[in-house]
Amino acid sequence: MTLAFIDYAILALYFLFVLGIGWRLRKRMTSSGEFLMSGRSVPVWITSLAFVAANLGAQELIGMSASGAKYGIMTAHFYWLGAIPAMIFVGVFMMPFYYGSRARSVPEYLKLRFDEKTRGFNALTFAVMTIFSSGISMYALGLLFQFLLGWSFTASVLLSACIVLVYTFLGGLTSAIYNEVLQFFLTVVGFAPLAILAVWKAGGWEGISSRLPAVMTHSWKYMGSAAENPMGVDWFGMVAGLGFVLSFGYWCTNFLVVQRAMAADSMSGARRTPLFGTFPKMLIPFIVIVPGIAALALAQMGVGYVLPVKGDSYDYDQVLTTLMAQFYPSGMLGVGLTALMASFMSGMAGNVTAFNTVWTYDIYQSYIRREAPDAHYLWMGRAATIFGVALSIAAAYLARSYNNIMDLLQLVFGMVNAPLFATFLLGMFWKRATGHGAFIGLLSGTAAAALTHGLTLAEHKGAWIANLQEFRSTMAQNFWVAIFAWTTCFVVTILVSLATRPRPVDELKGLVYGLTPLPRDDAAWWARPAPVAMAAGVLLVILNVIFW
């Protein structure tokens, strides 16, 4: 791939613009609340797009294109089944508790609902998860620089780390949110033409369907048995593992995305943030997954495109960049590369801003220095940005052992978010759940996830204890890791809660469904949570029927 002057100019213009946003906002960062929480002052249309863009980092763009080439249109379930229902649920049911409790983070809500030890455990596991997610983003951009510029992986990772460090250090969460909105539009402009070109060159969807096995172009038809599809998962594993446990665990409890809604300027805005975000989210598969599927068809047509190879398998993570090299002329190549750069910065900055908030409020302020002035916590938030980036560099190297970074990402989510969702489900909707039950349940669920991974094998991953079960794909293994983690946490939390003393009901008002009046929304009827949720649900059903 050869870059022309105009491509470098577009990249340079983007760097100047985003750094300018950070520089402009730096004077507003006068308190830890402004730096880490945006002062809860961001308009709903901004938070809605940021809610979507925070999950649209480089690892998703590259990883979902890779999964499209590896698994076909079934990958769209990560959106249509693995995102939309959970986004509706968090907007309608969970945001009143997050926003109404005035908690500064998800771990802090756990402290208010349960106890300190539950908050501490979640804060530590979430901090680890964000470091891994941030490292995967860094790995994705390192691959990009290595492929495009011929740099070593180490030099690429260090450069990308420096870019993100400056970006997040200047403007905090507000800068990250506004740049995530810019990144969303860049993603659409940068990759929608690639999807159109790739599908057109492959003969349209009919041409793709005629050249690929039918299982690659149907989302539900071949899930009667795990042996019938390349993902190696049946309908139960898909619905329970992805559609329920991983999906709700991520969208309902992951502070990275919840933080965007909590930055809204009102309770109404916080609830509408994920609901409005469902509509652009449903269309993202056509931009990031379909090109990967088209690449498989193009590789069989003798048009000069060849799937990249890694060892004795395909390097699916290179599908998106090789398509860009094949089809984009100068100028459009610069736009596409800028969109990738923006997605990397969005994913990386999103994880870093979530990490520095949890570190500052839920670990440092709670356990290391409790009564410091706010200026000290502002300083610590900036310091956490620095060492969070440093830790992410180490995580970037772990991602190199996977040929599909989405596989690694889903494993991390299964170990952290899956048991956490069981805790939240019981905590918000069952007043009898106790702090001891939540803490022991989280420990048990995380241990069950680790044991499931250690006792099963998929694509040479796992089975570090013994090989009791082999899955056809790493993704199928991830789904069952999540299922066992959630189920274990759910059952253990109930049993321990029944054996321990619950908190008085008066202490749970504002924290538990049934003890908390839902807020009245004065927005127009079409913008209220129920009508928006119903419209999103209808559109979701239509998409699933079309690609059945």
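See the structure printed just above.
Note that the structure is a prediction, hence the values are computed from the model and not measured. (Residues numbered from 1 in each chain as written. Predicted model: local features only at pLDDT ≥ 70, side-chain atom pairs only at ≥ 80, totals over all residues. Heavy atoms only, no water.)

A.B. asks: In this structure, what is going on with the overall build of the chain? I would like to understand it.
C.D. replies: Broken down by element type, the chain carries 22 helices and 5 strands. Scaling as 2.2 N^0.38, a compact globule of 548 residues should have a C-alpha radius of gyration of about 24 Å, and the chain matches this with 22 Å. For the chain, the spread of C-alpha atoms along the principal axes amounts to about 70 × 55 × 50 Å. The buried share among the 548 residues of the chain stands at 63%. Considering only intrachain contacts with a sequence separation of at least 6, the fraction spanning at least 24 residues in the chain is 81%. Accessible surface, the chain as shown: approximately 19500 Å² in total, 68% of it carbon and sulfur. The positive charge centre, built from 33 side chains, and the negative charge centre, built from 24, are 6 Å apart in the chain. (Helix = DSSP H or I, 4+ residues; strand = E, 2+ residues; numbered from the N terminus. Rg over C-alpha atoms; globule rule 2.2 N^0.38 Å. Buried < 20%, exposed > 50% of the residue type's maximum accessible area, 1.4 Å probe, protein only. Contact = heavy atoms within 4.5 Å. Areas by Shrake-Rupley, 256 points an atom, 1.4 Å probe, with all protein chains shown as cover. Lys, Arg positive; Asp, Glu negative; His and termini not counted. Charge placed at Lys NZ, Arg CZ, Asp CG, Glu CD.)

A.B. asks: Would you take a moment to explain a nonpolar patch on the surface for this structure?
C.D. replies: Together, Val538, Leu539, Ile542 and Ile546 line one region of the surface with nonpolar side chains, adding up to about 350 Å² of accessible area. Within the secondary structure, Ile546 is located in helix α22 (residues 529-546). With relative accessibility at 56%, the residue Ile546 sits in the exposed group. (Patch = residues over 30% accessible without salt bridge, like charges linked within 9 Å, V, L, I, M, F, W, Y side chains within 5 Å. Salt bridge = Lys/Arg side-chain N within 4 Å of Asp/Glu carboxyl O.)

A.B. asks: Mind showing me how you'd approach the packing of helix α1 (residues 5-25) against helix α17 (residues 332-368) here?
C.D. replies: A pair of packed helices is characterised by two quantities: the angle between their axes and the separation of those axes. Put simply, α1 and α17 touch, their axes get as near as 8 Å, and they point 30° apart. Classified by the angle their axes make, α1 and α17 are roughly parallel. The handedness of the crossing between α1 and α17 is right-handed. Here Asp7, Ile10, Leu11, Tyr14, Phe15 and Val18 of α1 lie close against α17, whose contacting residues are Leu333, Gly334, Val335, Leu337, Thr338, Met341, Ala342 and Met345. (Axes fitted to C-alpha atoms, helices over the stretch in contact; angles between N-to-C directions. Parallel < 35°, antiparallel > 145°, perpendicular 65-115°, else oblique. Left-handed = near helix turned anticlockwise from the far one by under 90°.)

A.B. asks: Is there a simple way to think about α1 in this case?
C.D. replies: Side chains three or four residues apart in an α-helix point the same way, a direct result of the helix having 3.6 residues per turn. End to end, α1 covers 30 Å across 21 residues, agreeing with the expected 30 Å (1.5 Å per residue, within 8%). Taken residue by residue, α1 has Asp7, Leu11, Tyr14, Val18, Ile21, Gly22 and Leu25 as its buried positions. Viewed end-on, α1 has its buried residues packed into an arc of 100°, placing them on one side of the element. Facing away from the buried side of α1 by over 90 degrees, the exposed positions are Phe5, Leu13, Leu16, Trp23 and Arg24. Those residues of α1 that are buried are in contact with α9 (153-201) and α17. (Expected span 1.5 Å × (residues − 1). Arc of directions from axis to C-beta.)

A.B. asks: Even after reading the chapter, I still don't get the packing of aromatic side chains, so can you show me in this structure?
C.D. replies: Pairs of aromatic rings are described using the distance from one ring centre to the other and the angle between the two planes. Scanning all chains against the criterion turns up 32 aromatic pairs. An angle of 40° between the planes, with centres 6.0 Å apart, marks the rings of Phe236 and Trp480 as tilted. With Phe236 in helix α11 (residues 235-253) and Trp480 in helix α21 (residues 474-499), this residue pair connects regions lying 244 residues apart in the sequence. For Phe236, a relative accessible area of 40% puts it in the partly exposed group. What links up through ring pairs into an aromatic cluster is the set Phe89, Phe93, Phe97, Phe244, Phe248, Phe421, Phe429, Trp486, Phe490 and Tyr513. We note Arg104 situated over the ring of Tyr361; from NZ or CZ to the ring centre the distance is 3.9 Å. (Phe/Tyr/Trp six-rings, centres within 6.5 Å; stacked < 30°, edge-to-face > 60°. Lys NZ or Arg CZ within 6 Å of the ring centre and 35° of its normal.)

A.B. asks: Sorry, what's going on with the pattern of salt bridges here?
C.D. replies: When their charged atoms lie close together, side chains carrying opposite charge are able to pair. This structure, assessed with the given rule, holds 8 salt bridges. Across the pair Arg119 and Asp362 runs a salt bridge whose closest N-O atoms are separated by 2.5 Å. You can see Arg119 sitting in helix α8 (residues 116-149) and its partner Asp362 sitting in helix α17, a full 243 residues away along the chain. Residues Arg119 and Asp362 agree in their burial class; the two are buried. Where Glu180 meets Arg260, a salt bridge forms, and the shortest distance between an N and an O atom there is 2.7 Å. With a gap of 80 residues between them, Glu180 in helix α9 and Arg260 in helix α12 (residues 255-262) connect regions that are remote in the sequence. Ionic contacts of the salt-bridge type, sharing partners, join the residues Lys111, Glu116, Arg119 and Asp362 into one network.

A.B. asks: Mind showing me how you'd approach the sheet that holds strand β5 (residues 469-470) here?
C.D. replies: Spatial ordering of the open sheet is given by β4-β3-β5, a layout of 3 strands whose pairing is mixed. A single partner strand is all that each edge strand has here, and the edge strands are β4 (461-462) and β5. Bridge count for strand β3 (residues 456-458) against β4 is 2 bridges, and the pairing is antiparallel. Directly across from Leu457, in β4, lies its bridge partner Gly462. In the packing of α21 onto the sheet, contacts are made with β3 and β4, and the angle to β3 comes to roughly 150°. (Pairing = 2+ DSSP bridges.)

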